[in-house]
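Reading the structure
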Amino acid sequence: MSRNFGKLLLSLGLSSVLVGATLVATPAAAAQAVRLQYRTSAPGATTAQAEPWLRLHNDGTTTIPLNQVKIRYYLTGAETYRFACSWAVIGCATINGQFVRQQGNDQYLEVGFSSGSLASGQNTSDMQLRFYRADWQTFTQSDDYSYGSQTSYADWDKIAVYVNGQLAWGKPTGTEPDPDPDPDPTDPPGGAGELFDDFTYTGSSDPRLAQRGWTVRSSSGGPGVPGATWSPAGVSFPGGLLTLDSSTNGTAAGTVQTELSTASRKFREGTYAARVRFSDAPTSGPDGEHVVQTFFTITPLRYNLDPDYGELDFEYLPNGGWGEPGNILYATSWETYQAEPWQAVNTHTEERASFAGWHDLVIQVSGGRMKYYVDGRLFADHGDIYYPETPMWIMFNQWFIDLQGASGTRTYRQQVDYLYHSKNEVVAPSVVTSRINALRAAGTAFKDTVPNP
């Protein structure tokens, strides 16, 4: 099934160095300390390709999951570049890179990892990376902030390292993609109302869900496998975590999908935030299903090419789908669509990497722009005709694009720690975290001062 068809169904259905250990400490633990060493094998001031070689050290006392590490190499200029890994002890297959535009003409190369862990006292050894202009023209690298001409490894703080979204090494430069990079954690909310839910419910039949404006879906329809069931039985709240358990035995009749939605459409401009746990593997049964794990806002489509339709999505596909062969995270902004013949009016940004684990997801909607953040990092910046015009619902769901026909029942799990929204206010990701901590410290499990339309 194509990605666009999946969106159609959604709208129509709205009623040692590397260790494999899974017991690792929280990346933000104070006991962790990372250090980056750098050298280059292309030291010339101008070059056909830059060749930064890196070694990441863990000088702390706890293991660091590499999929929560991001390394930023800062460049000057707006040229289009391509990233490649020539060779790495940890394996180039685990390393990915993307170029992130900053304000003005600057940008940075962000290097990430899809898997693996870095044990205490160990380092990654050589990661021989390179990047080059898309048109293969030579370029000047001597004016790049992160460039150094040394050909032997040395500690290098002009390349920044982030662990779980927090700066752990180096001195970033340029305009970081954070509207409030040094916020006061005591800043009070400045919007027109707040919604916060810590998901402290006893189960999907808890009457407080409806009292607080939530709907646990039981109605049929899309998105997902035609004939599948949307079951409240798959929605639970163990330990104060919204838990969506979706399962399939390879047949439509044996497929169960899950969804939690706000009952009221009263959300448009402002900041949306949730801490979401994505998973790459099922909790039981064989892997391989094309499952979609989401956090999004949406307005119903009344008719083809309805100009008042809107949708802002985070969608994670751990096993690919819609023509993608592997795990991929989408941020998609929708203006509208037509069902027959199919015509989609949207824009999206994607990253092909594993996002298994907990992630802080933030969407800022203000001034004609929608900015999507993942763990404090600007992931996507959309706007123009895709800006939402009408109030939306807030939703979490987990569903199957199609069925792979494997035998045996398999169950996939998505979890959510909290939901936060501030109406008509741009809130930096770090300030969101401060506000959540303050609400929890005050014993607040639920708050809703967002006015109804």
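Since we're looking at a predicted model, the values are computed, not measured.

Applying the stated criterion to the full structure yields one disulfide. Between the sulfur atoms of Cys85 and its disulfide mate Cys92 the distance is 2.1 Å. Classification of the bridge connecting Cys85 and Cys92 rests on its S-S torsion, roughly -70 degrees, and on that basis the disulfide is left-handed. Given a relative accessible area of 26%, Cys92 falls into the partly exposed group.

With that out of the way, let us pick up the confidence of the model for the protein chain. When pLDDT is averaged across the protein chain, the result is 88; 89% of the residues are at 70 or more. Contacts of residues 177–186 to residues separated by more than four positions or lying in other chains number 18 contacts, the stretch itself having pLDDT below 50.

Turning to empty space enclosed by the protein, a few remarks are in order. Of the voids in this model, the largest cavity is the one considered here, and its volume is about 160 Å³. Lys70, Gly165, Val374, Asp375 and Arg377 are the residues nearest the centre of the largest cavity, which is lined by 17 residues in total. Broken down by secondary-structure element, the contributors of at least two residues to the lining of the largest cavity are strand E6 (69–75) and strand E9 (107–113). Residues that form the lining of the largest cavity fall into these classes: five nonpolar, seven polar and five charged.

So, on to the pattern of salt bridges. Enumeration over the complete set of coordinates arrives at 25 salt bridges. Between Arg35 and Asp59 there is a salt bridge, with the nearest N and O atoms lying 2.7 Å from each other. Taken together, the residues span a long stretch of sequence, with Arg35 in strand E1 (residues 34–40) and Asp59 in the loop between strand E4 (52–58) and strand E5 (64–65) at a distance of 24 residues. Looking at Asp59, the relative accessible area reads 43%, which means it is partly exposed. Here Glu425 ties to Arg435 by a salt bridge, and the two come within 2.9 Å at their closest N and O atoms.

On to the packing of aromatic side chains. Inspection of the entire model under this criterion finds 27 aromatic pairs. Geometrically, the ring pair formed by Phe278 and Tyr316 is tilted, given 5.0 Å between the ring centres and 40 degrees between the ring planes. Pair noted here: Phe278 is in strand E22 (residues 270–278) and Tyr316 is in strand E24 (residues 311–317), with a separation of 38 residues, a long-range link. Tyr316 matches Phe278 in its accessibility class, with the two residues each being buried. Grouped by ring-pair contacts, the aromatic residues Tyr38, Tyr73, Tyr81, Phe99, Phe131, Phe139 and Trp156 constitute a single cluster.

What follows is about the side chain of Lys423. Within the fold, Lys423 resides in strand E31 (residues 410–423). Summary of buried charges: Lys423 has no salt-bridge partner, and the nearest side chain of opposite charge, Glu269, is 7.5 Å away. Contacts of Lys423, omitting those with residues within four sequence positions, involve Gly191, Ala192, Gly193, Lys266, Glu269, Gly270, Val450 and Pro451.

Now for helix H3 (residues 429–441). Helix length check: H3 (13 residues) gives 19 Å between terminal C-alpha atoms against 18 Å at 1.5 Å per residue, within 8%. Looking one or two residues past H3, Gly443 carries a phi angle of roughly 80 degrees, positive in sign.

We now examine unusual backbone geometry. A negative phi angle is the norm for most residues apart from glycine, just as the trans form is the norm for most peptide bonds. A cis amide bond links Gly222 to the next residue, Pro223, at an omega of 5 degrees. Notably, Trp322 is not glycine yet its phi reads approximately 55 degrees, a positive angle. Within the secondary structure, Trp322 is located in the loop between E24 and strand E25 (328–338).

Calculation notes
- Residues numbered from 1 in each chain as written.
- Predicted model: local features only at pLDDT ≥ 70, side-chain atom pairs only at ≥ 80, totals over all residues.
- Heavy atoms only, no water.
- Disulfide = S-S within 2.5 Å.
- Buried < 20%, exposed > 50% of the residue type's maximum accessible area, 1.4 Å probe, protein only.
- pLDDT = per-residue confidence, 0-100.
- Contact = heavy atoms within 4.5 Å.
- 1 Å grid on protein atoms, 1.4 Å probe; cavity = no way out; pocket = protein on both sides within 12 Å on 5 of 7 lines; lining within 4 Å.
- Points joined across faces, edges and corners; volume = space filled by probe spheres on them.
- Helix = DSSP H or I, 4+ residues; strand = E, 2+ residues; numbered from the N terminus.
- Nonpolar A, V, L, I, M, F, W, Y, C, P; charged D, E, K, R; others polar.
- Salt bridge = Lys/Arg side-chain N within 4 Å of Asp/Glu carboxyl O.
- Phe/Tyr/Trp six-rings, centres within 6.5 Å; stacked < 30°, edge-to-face > 60°.
- Lys, Arg positive; Asp, Glu negative; His and termini not counted.
- Expected span 1.5 Å × (residues − 1).

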